[in-house]
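Spelled out, the chains give:
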Amino acid sequence: MDVVLELTDTFMFDYMYAWLLPAKLHDFPDHAALNASARSFSQWEYKPATSFISFEPSEAAYTSAWDRDNILRQSLSLFLIMWIFGLLVYYIFATLSYVFVFDKKTMEHPKFLKNQVYLEIKQTNQALPVMALFTFPALVAEVRGYSKLYDTSAEGPGWWYDILQFPLFVLFTDLFIYLIHRGLHHPLVYKHLHKPHHKWIMPTPFASHAFHPLDGFAQSVPYHVFPFIFPLQKFAYVALFVFINFWTIMIHDGEYYANNAVINGAACHSVHHFAFNYNYGQFTTLWDRLGGSYRKPDAELFEKEKKMSKKTWEKQVEVMEETLKEVEGEDDREYGAEDLKKTQ
C-alpha cells in the first residue's frame, strides 16, 4: 500500500497537509536562511516506494508540520484511501455491472425487497467508513515495514514465487473467509452481524459491499493478514486488492457464467443468499466440499429463460422460507415485487 500512498501523497495529500498543517519556521532545524526552500531544511528525505516507478515530490511535500513519515498523517491518509477508494470502486464498477450485466427482471422476483437498490447503497455508505477505520492500522503496519511485502524478485523468494503467490493468496484467503463466514452464521452471531447482508435474498451488484461494518471487516481480515505471514509483491498486493473488490461485485451480479465444480461464482453465491447455510467460500468450492456445506446450483440457473421462470422462483422461495424459519424465525423484510407489478 506504500505505492498507493506515495501516489496519493504526490498528487493530493502533500497539498492537503501543507494547507491544513503548514510547517512553522521553528519546525526546521536551521531557519537562518529565510530565502532557501523548505526542501533545504526539512529533515524528511524522499525515498521511492518502488524501484519500478517514482513520483518526484513537489515543494508541498516539505512544507507541512506532518511530513510523509509522520504516523498520524499516514494513519489519516490510509483511512481516507480505504474509504474513498473503496467508495469509488464500489460506485463505478457496481454501477457498470448493474447497467450492463444485472438482469433487471430479477426485480420482479417475489423476494426482491421494496426500494432494495437504495437500501443496498445506503447500507454500503454506512459500512465503508467504519470498515476503513478498523482496517487502516494493518495498512499503517505495512507501510512502516512490518509486513513481508517486497518490491523486486531479488528481494523476494525468487521469480517462481512471483507466480506462486497468486494461487497461494487465493487458497489462504478462501480457507479463512470460509471459516469466518461460516462462523458468522452461528446463531449467537448471525442476527447481530451477518443478517444485514442476508437481507438481500436476490442481491444486485450494489449488495456486494452492503454489510454490517464488523461483518465486512471480519471477512477482509485474511486479506490483510496474508502479507504478514507470506511474502507478497507490492504491485501484486494492489492488483489483488482491486481483484477482490471486482470479485465481490461479480458474485452478486446475478449473471451465472461459472457452471463449474471448482469456482464459487455468482450462481453458488446466489444459492447462499436464498438458502443461507451453503456455499460459504469466496473463490472456490473446495472448503465447502470438505466442510459438507456445498450445494450445487440447479442446472436451470444457467439457462436464462428457466432462471427467470415462475417455476424456478417458486422453488427458490420455498427453499428460502423453509430455511429462514430455522435461521431467523420471523421474516421482517418488506418485499416490493407486488408494488412493481402494479406500476407496470
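Residues numbered from 1 in each chain as written. Predicted model: local features only at pLDDT ≥ 70, side-chain atom pairs only at ≥ 80, totals over all residues. Heavy atoms only, no water.

Visitor: When you look at the overall build of the protein in this model, what are you seeing that I'm missing?
Guide: Scanning the protein for helices and strands turns up 13 helices and two strands. With respect to the principal axes defined by its C-alpha atoms, the protein has extents near 80 × 50 × 40 Å. Out of the 344 residues belonging to the protein, those deemed buried represent 50%. Residue pairs in contact within the protein that sit at least 24 positions apart in sequence constitute 73% of those at least 6 positions apart. (Helix = DSSP H or I, 4+ residues; strand = E, 2+ residues; numbered from the N terminus. Buried < 20%, exposed > 50% of the residue type's maximum accessible area, 1.4 Å probe, protein only. Contact = heavy atoms within 4.5 Å.)

Visitor: Quick question: what am I supposed to make of the confidence of the model for the protein here?
Guide: The predicted coordinates of low-pLDDT regions are not to be read in fine detail. In this model, the protein carries a mean pLDDT of 91, and residues with pLDDT of at least 70 account for 92%. When mean pLDDT is taken per element in the protein, strand β2 (residues 232-233) scores highest with 98 and helix α13 (residues 337-343) scores lowest with 51. Here residues 31-35 scores under 50 on pLDDT; set against residues more than four positions off or in separate chains, the count is four contacts. (pLDDT = per-residue confidence, 0-100.)

Visitor: Before we go on, may I ask you to explain the nonpolar core in this structure?
Guide: What tends to happen in soluble globular proteins is that the nonpolar side chains get buried as a cluster. Membership of the largest hydrophobic core comes to 31 residues, with the highest contact counts inside it found for Leu78 and Leu232. Listed by contribution, the elements that provide at least two residues to this core are α1 (2-20), α3 (71-100), α4 (116-143), β1 (149-150), α5 (159-184), α7 (213-229) and α8 (234-250). Tallying contributions element by element places α8 first for this core, with six residues. Contacts of leucine 78, omitting those with residues within four sequence positions, involve Met1, Leu5, Phe136, Leu139, Val140 and Val143. (Core = buried A, V, L, I, M, F, W, Y, C linked by side-chain atoms within 4.5 Å.)

Visitor: Please clarify how the environment of glutamate 314 should be interpreted in this entry.
Guide: Position of glutamate 314 among the secondary structure elements: in helix α12 (residues 310-327). Measuring from C-alpha to C-alpha, the distance between glutamate 314 and aspartate 215 comes to 30 Å, with 99 residues separating the pair along the chain.

Visitor: Would you mind showing me how to read the packing of α3 against α4 here?
Guide: Think of two packed helices as two axes; the pair is described by the angle between the axes and how far apart they sit. For the pair α3 and α4, interaxial distance at closest approach is 8 Å and the crossing angle is 145°. For α3 against α4, the interelement crossing comes out right-handed. Its residues assigned to classes, the contact of α3 with α4 comprises 19 nonpolar, six polar and one charged. (Axes fitted to C-alpha atoms, helices over the stretch in contact; angles between N-to-C directions. Left-handed = near helix turned anticlockwise from the far one by under 90°. Nonpolar A, V, L, I, M, F, W, Y, C, P; charged D, E, K, R; others polar.)

Visitor: Mind showing me how you'd approach the packing of α3 against α8 here?
Guide: For the pair α3 and α8, the least separation of the axes is 10 Å and the interaxial angle reads 40°. With respect to α8, the element α3 is oriented oblique. Crossing of α3 against α8: the hand is right-handed. From α3, Met82, Phe85, Val89, Phe93, Ala94 and Ser97 reach across to α8, where they touch Phe241, Val242, Asn245, Phe246 and Ile249. Counted by class, the contact of α3 with α8 contains nine nonpolar, two polar and no charged residues. (Parallel < 35°, antiparallel > 145°, perpendicular 65-115°, else oblique.)

Visitor: Just to check I follow, could you spell out a nonpolar patch on the surface for this structure?
Guide: Judged by side-chain polarity, Ile84, Leu88, Ile92, Phe93, Leu96, Val99 and Phe100 come together as a nonpolar surface patch covering roughly 660 Å² of accessible area. On the secondary structure map, isoleucine 92 appears in helix α3. (Patch = residues over 30% accessible without salt bridge, like charges linked within 9 Å, V, L, I, M, F, W, Y side chains within 5 Å. Areas by Shrake-Rupley, 256 points an atom, 1.4 Å probe, with all protein chains shown as cover. Salt bridge = Lys/Arg side-chain N within 4 Å of Asp/Glu carboxyl O.)

Visitor: Help me out: how do you make sense of the side chain of arginine 68 in this one?
Guide: Along the chain, arginine 68 turns up in the loop between α2 (38-41) and α3. Among the polar contacts listed, one links the side chain of arginine 68 to the side chain of threonine 10, at a separation of 3.4 Å. For arginine 68, the side chain forms a polar contact with the side chain of aspartate 14, separated by 2.5 Å. (Polar contact = N/O pair within 3.5 Å; in protein donor to acceptor, adjacent residues only side chain to side chain.)

Visitor: Explanation requested: the environment of phenylalanine 243 in the structure shown.
Guide: Topologically, phenylalanine 243 is positioned in helix α8. Owing to a relative accessible area of 31%, phenylalanine 243 belongs among the partly exposed residues under this scheme. Expressed as a C-alpha distance, the spacing of phenylalanine 243 and arginine 289, which sit 46 residues apart in the sequence, is 24 Å.

Visitor: How do you make sense of unusual backbone geometry when you look at a structure like this?
Guide: In terms of backbone geometry, most residues other than glycine have negative phi values and most peptide bonds are trans. One non-glycine residue, asparagine 115, lies in positive phi territory at about 55°. Considering the arrangement of structural elements, one finds asparagine 115 in the loop between α3 and α4. Despite not being glycine, asparagine 279 has its phi angle at roughly 55°, a positive value. Examined against the element boundaries, asparagine 279 turns out to sit in the loop between α9 (266-275) and α10 (286-291).

Visitor: So what exactly am I meant to see when it comes to the pattern of salt bridges here?
Guide: Pairing between side chains becomes possible if they bear opposite charge and their charged atoms approach one another. In the structure shown here, the tally under the stated rule is 15 salt bridges. Aspartate 2 serves as the salt-bridge partner of lysine 234, at 2.8 Å between the closest nitrogen and oxygen. In this pair, lysine 234 sits in helix α8 while aspartate 2 sits in helix α1, placing the two residues 232 residues apart along the sequence. According to the relative accessible area criterion, aspartate 2 is buried, its value standing at 17%. Put simply, arginine 68 and aspartate 14 hold a salt bridge, and the shortest N to O gap is 2.5 Å. Residue arginine 68 is located in the loop between α2 and α3, and its partner aspartate 14 is located in helix α1; the two are separated by 54 residues in the primary sequence. Comparing arginine 68 with aspartate 14, the two get one shared label, buried. One network of salt bridges, with partners in common, ties together Lys195, Glu328, Asp331, Asp332 and Arg333.

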